[in-house]
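Coordinate inspection notes
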Amino acid sequence: MPTILGQNQYGKAENRVVKITRDGATHHIKDLNVSVALSGDMDEVHYSGSNANVLPTDTTKNTVFAFAKEHGIESAEQFGIHLARHFVTSQEPIQTARIRIEEYAWERIEASDANSQFIGSDEVKHSFVRKGQETRLTQITYDGEKWEVVSGLKDLVVMNSTNSEFWGYVKDKYTTLREAHDRILATQVSARWRFNWTDDDQRMPNWEKSYEQTKKHMLQAFAETYSLSLQQTLYQMGSRIINNRSEIDEVRFSLPNKHHFLVDLEPFGLKNDNEVYYAADRPYGLIEATILRDGCEPKIPVDLTNL
């Protein structure tokens, strides 16, 4: 045979599931985009077309919706763990399941007052507005014995309007960039972090609290670091997470530098004292790095943060 089959997987991608939990008049929303990828003893379906070992992708879709009802959605991570365990343990040909989940956050709409014409403010517990911030992410991989949970976020836009400099860099004949001793530092954070929970004998992290606290430490480090480079800020963000969250061993960032350039107002007889900027969307500097707990090996793929 002149060719052989390499790595392969299949599943149903981007299953949009919204779960409403009704606690009396108070409702709670979990809004997920779930992608299932299964791999194992699948050579024959590629070589001969035999579907004897193939669980239909439509079945994986149905499982996502059924599990939302049967198990609920406590967190994206917990939901992914339920799915991965099910596919690997219920289907002998399936040896590994990878579940990727995006979560879209909602927050409650505040009512005006209790004298509303239609409904009192104490009764409005079912109206929400989609948050315009980051998308929460997780990837669950299970091979029947070991778990790998990599969570994160994307599209979290942050800015420091001062306390950032950039100078002392290499200059050659093509360098035109002026040194900056007071600049805007802005980026759109894409981050992934890997948990050290790997088997069922370990105590499982509190996934919701972990995400909330990880994001908090990330943002605090961004705000509190007097930055001489985006690389320095990135390292501080990752270090703050590792040092404060014992359940996390590895963090990887992809940070595009959202450049803000001072506008030349001199042709109009005006002085621009770090007040008016042009926000350039491209090209942009792209800063990427992994921060590890000492003694740990990197396992997050270098390109995962760009997915």
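One can find the structure itself at the top, above this paragraph.
Residues numbered from 1 in each chain as written. Predicted model: local features only at pLDDT ≥ 70, side-chain atom pairs only at ≥ 80, totals over all residues. Heavy atoms only, no water.

1. Notes on a nonpolar patch on the surface
- On the surface, a cluster of nonpolar side chains totalling about 310 Å² of accessible area is made up of Trp167, Tyr226 and Leu228.
- Classification of Trp167 as partly exposed rests on a relative accessible area of 42%. (Patch = residues over 30% accessible without salt bridge, like charges linked within 9 Å, V, L, I, M, F, W, Y side chains within 5 Å. Areas by Shrake-Rupley, 256 points an atom, 1.4 Å probe, with all protein chains shown as cover. Salt bridge = Lys/Arg side-chain N within 4 Å of Asp/Glu carboxyl O. Buried < 20%, exposed > 50% of the residue type's maximum accessible area, 1.4 Å probe, protein only.)

2. Quick notes on the pairing of strand β7 (residues 147–160)
- Looking at chain direction, strand β6 (residues 135–142) and β7 are connected through eight bridges and run antiparallel. Paired with Thr141 across the strands is Glu148, a residue of β7.
- The antiparallel hairpin formed by β6 and β7 contains four residues in its connecting segment, where Gly144 sits at a positive phi of about 95°.
- The sheet contact formed by β7 and strand β8 (residues 185–195) spans nine bridges and is antiparallel. Bridging across to β8, Val157 finds its partner in Gln188. (Pairing = 2+ DSSP bridges. Helix = DSSP H or I, 4+ residues; strand = E, 2+ residues; numbered from the N terminus.)

3. Looking at helix α2 (residues 57–70)
- In a regular helix each residue adds 1.5 Å, so 14 residues correspond to 20 Å; α2 covers 20 Å between its end C-alpha atoms and thus fits that length.
- Taken together, the buried positions of α2 are Thr60, Thr63, Val64, Phe67 and Ala68. For α2, the angular spread of the buried residues around the axis is 135°, confining them to a single face. Relative to its buried face, α2 has exposed residues pointing more than 90 degrees away, namely Lys69 and Glu70.
- Next to the buried residues of α2 lie β1 (15–23), β2 (26–40) and α3 (76–90).
- The positive-phi residue at the C-terminal boundary of α2 is Gly72, with phi of around 70°. (Expected span 1.5 Å × (residues − 1). Arc of directions from axis to C-beta. Contact = heavy atoms within 4.5 Å.)

4. Here's the deal with the sheet that holds β2
- Strand order in the open sheet formed by eight strands is β1-β2-β3-β6-β7-β8-β9-β12, with antiparallel pairing between adjacent strands. Of all strands in the sheet, those bounded by a partner on one side alone are β1 and β12 (285–292). The sheet shows a mean angle of 20° between the axes of neighbouring strands, direction not considered.
- Alignment of β8 against strand β9 (residues 248–257), held across seven bridges, turns out to be antiparallel. Of the residues in β9, the one forming a bridge with Thr187 is Asn257.
- Along the sheet, helix α4 (residues 207–224) contacts β2, β6, β7, β8 and β9; its crossing angle with β7, the most-contacted strand, is approximately 35°.
- Here helix α5 (residues 230–244) sits on the sheet and contacts β8, β9 and β12; the angle it forms with β9, its principal contact strand, is near 155°. (Axes fitted to C-alpha atoms, helices over the stretch in contact; angles between N-to-C directions.)

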